[in-house]
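Results of the structural survey
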Number of protein chains: 2
Amino acid sequence: MSTSKLEYEMKAKIIKALAHPSRLMMVDALSEGEKCVCELTELVGADISTVSKHLSVMKNAGIVEDRKAGLQVFYRLRVPCIIKFFGCIEAVMREEAKTKEQIISSVG
Amino acid sequence: MSTSKLEYEMKAKIIKALAHPSRLMMVDALSEGEKCVCELTELVGADISTVSKHLSVMKNAGIVEDRKAGLQVFYRLRVPCIIKFFGCIEAVMREEAKTKEQIISSVG
DNA sequence: GGTATAGTTGGTTGACTTGCCAACCACAAG
DNA sequence: CTTGTGGTTGGCAAGTCAACCAACTATACC
């Protein structure tokens with residue numbers, strides 16, 4: 001089952017949309033439920049225009065969707081499994097920590 | 001359980017190392033078992049120096065590890081769960097396809 | 001030693017990303 | 001209709017990334 005080049009490009013676009021500390025922080029927050037831009041802005045501590053752009057990157061990638069309510073815009077995860085993905089990323093980090101430990105103990 | 005800014009940065013680094021079509025293609029190939037740089041070069045169809053740099057990005061992020069055997073260097077996945085991650089990315093793509101369908105049928 | 005092969009590293013160039021400010025749009029409430 | 005608030009968009013400066021070529025390292029084999 002060969003995967004086409006176009007498909008890899010689409011996947012890369014989605015993954016790229018997750019590949020930023022502030023965006024990860026927002027996704028983490030959104031895993032608890034929808035949040036307005038103002039809440040996310042306070043959370044990440046950046047300019048609201050910056051946060052808005054981050055959100056539009058993720059929206060464009062299909063990771064989040066929005067809903068306007070009065071003056072506020074609420075964002076939520078469109079595909080909750082994104083959260084599980086983090087488990088594997090943490091596994092990579094644990095592996096790395098383990099390797100570093102071994103290096104340190106072999107030097108010590 | 002609040003996650004620190006540093007932790008988000010580390011996770012983002014790992015995710016960023018996956019966020020490229022050629023690198024995804026290589027990870028996919030490596031899920032079948034280790035491959036030498038020459039095989040991966042042929043697979044992605046880029047200059048060998050480009051492929052080598054992609055691999056070093058992933059190695060630096062802890063995604064792959066390498067092993068030298070004679071003239072060749074073999075790379076393999078360090079944390080196989082990376083592959084499962086793709087399942088979720090595909091879910092995002094399916095959701096997106098579904099939404100587009102709805103838009104098209106509502107227009108038609 | 002000399003030569004060939006497999007990879008890595010350095011350097012350059014063009015393209016993309018990020019973050020902020022400023023300007024703008026949309027809704028709500030006087 | 002004006003004013004205020006919440007978001008978005010445009011634009012710029014700084015930084016990062018990707019691809020190739022060229023130069024280099026490392027191993028193998030003669």
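See the structure above.
Notes on the structure in this doc start here. Every value quoted in this text rests on a predicted model; they were computed, and no experiment measured them.

Moving on to the overall build of chain A. Secondary structure summary: chain A contains five helices and three strands in total. Going residue by residue from the N terminus, the α and β elements of chain A occur as α-α-β-α-α-β-β-α. Considering only C-alpha atoms, chain A reaches an extent of 60 × 40 × 20 Å along its principal axes. Taken over 108 residues, chain A has a buried fraction of 43%. Within chain A, counting contacts between residues at least 6 apart in sequence, those at least 24 apart form 48% of the total. Taking the average location of the 16 positive side-chain charges in chain A and that of its 14 negative ones, the two points are 6 Å from each other.

Turning our eyes to something else, we now look at the interface of chain B and chain A. Taken together, the 36 residues of chain B in the interface contact 36 residues of chain A. Here chain B meets chain A over a buried area of about 3,300 Å², counting both sides, of which 77% is carbon and sulfur. Linking chain B with chain A are two salt bridges, by the criterion used here. Glu90(B) serves as the salt-bridge partner of Lys11(A), at 2.7 Å between the closest nitrogen and oxygen. At the surface where chain B touches chain A, the tally comes to four residue pairs in polar contact (both at pLDDT 80 or more). Among the secondary structure elements, those contributing two or more residues to the side of chain B that touches chain A are helix 1 (5–18), helix 2 (21–30) and helix 5 (82–107) of chain B. Element by element, the count of residues in the side of chain B that touches chain A is highest for helix 5 of chain B, at 12 residues.

Turning our attention to the protein's contact with DNA strand C. Lining the immediate environment of DNA strand C, one finds 22 residues, of which Ser49(A), His54(A), Ser52(B), Lys53(B) and Tyr75(B) sit closest. The sugar and phosphate moieties of DNA strand C supply 60% of its atoms located within 4 Å of the protein. Separating a phosphate oxygen of DNA strand C from a backbone N or O atom of Val37(B) is a distance of 3.2 Å. Contacts to DNA strand C include Leu71(B), whose backbone N or O atom sits 3.3 Å from a sugar or linking oxygen. Listed by contribution, the elements that provide at least two residues to the surface near DNA strand C are helix 4 (48–60) of chain A together with helix 3 (37–44), helix 4 (48–60) and strand 3 (72–77) of chain B. In terms of residue class, the surface near DNA strand C is made up of nine nonpolar, eight polar and five charged.

Glancing now at the sheet that holds strand 2 (residues 64–69) of chain B. Residue and element names in this part refer to chain B. The strand order across the open sheet formed by three strands is 1-3-2, and the pairing between neighbours is antiparallel. Both edges of this open sheet fall to strand 1 (35–36) and strand 2, since each of them pairs with a single strand only. Sheet analysis places strand 1 next to strand 3, joined by two bridges and oriented antiparallel. Of the residues in strand 3, the one forming a bridge with Cys 36 is Phe 74. Running over the sheet, helix 2 touches strand 1, strand 2 and strand 3 and is turned about 85° from strand 3.

Take the pairing of strand 2 of chain B next. As paired elements, strand 2 of chain B and strand 3 of chain B share six bridges and run antiparallel to each other. Bridge pairing links Arg67(B) to Phe74(B) in strand 3 of chain B.

So, about helix 1 (residues 5–18) of chain A. Compared with an ideal rise of 1.5 Å per residue, which puts 14 residues at 20 Å, helix 1 of chain A spans 20 Å between its outermost C-alpha atoms and is within 8% of the ideal. Among all positions in helix 1 of chain A, only Tyr8(A), Lys11(A), Ala12(A), Ile14(A), Ile15(A), Ala17(A) and Leu18(A) are buried.

Here is what the cut-offs are and how they apply
- Residues numbered from 1 in each chain as written.
- Chains lettered and ligands numbered in written order.
- Predicted model: local features only at pLDDT ≥ 70, side-chain atom pairs only at ≥ 80, totals over all residues.
- Heavy atoms only, no water.
- Helix = DSSP H or I, 4+ residues; strand = E, 2+ residues; numbered from the N terminus.
- Buried < 20%, exposed > 50% of the residue type's maximum accessible area, 1.4 Å probe, protein only.
- Contact = heavy atoms within 4.5 Å.
- Lys, Arg positive; Asp, Glu negative; His and termini not counted.
- Charge placed at Lys NZ, Arg CZ, Asp CG, Glu CD.
- Buried area = accessible area lost by both parts, 1.4 Å probe.
- Salt bridge = Lys/Arg side-chain N within 4 Å of Asp/Glu carboxyl O.
- Polar contact = N/O pair within 3.5 Å; in protein donor to acceptor, adjacent residues only side chain to side chain.
- Near = heavy atom within 4 Å.
- Nonpolar A, V, L, I, M, F, W, Y, C, P; charged D, E, K, R; others polar.
- Pairing = 2+ DSSP bridges.
- Axes fitted to C-alpha atoms, helices over the stretch in contact; angles between N-to-C directions.
- Expected span 1.5 Å × (residues − 1).

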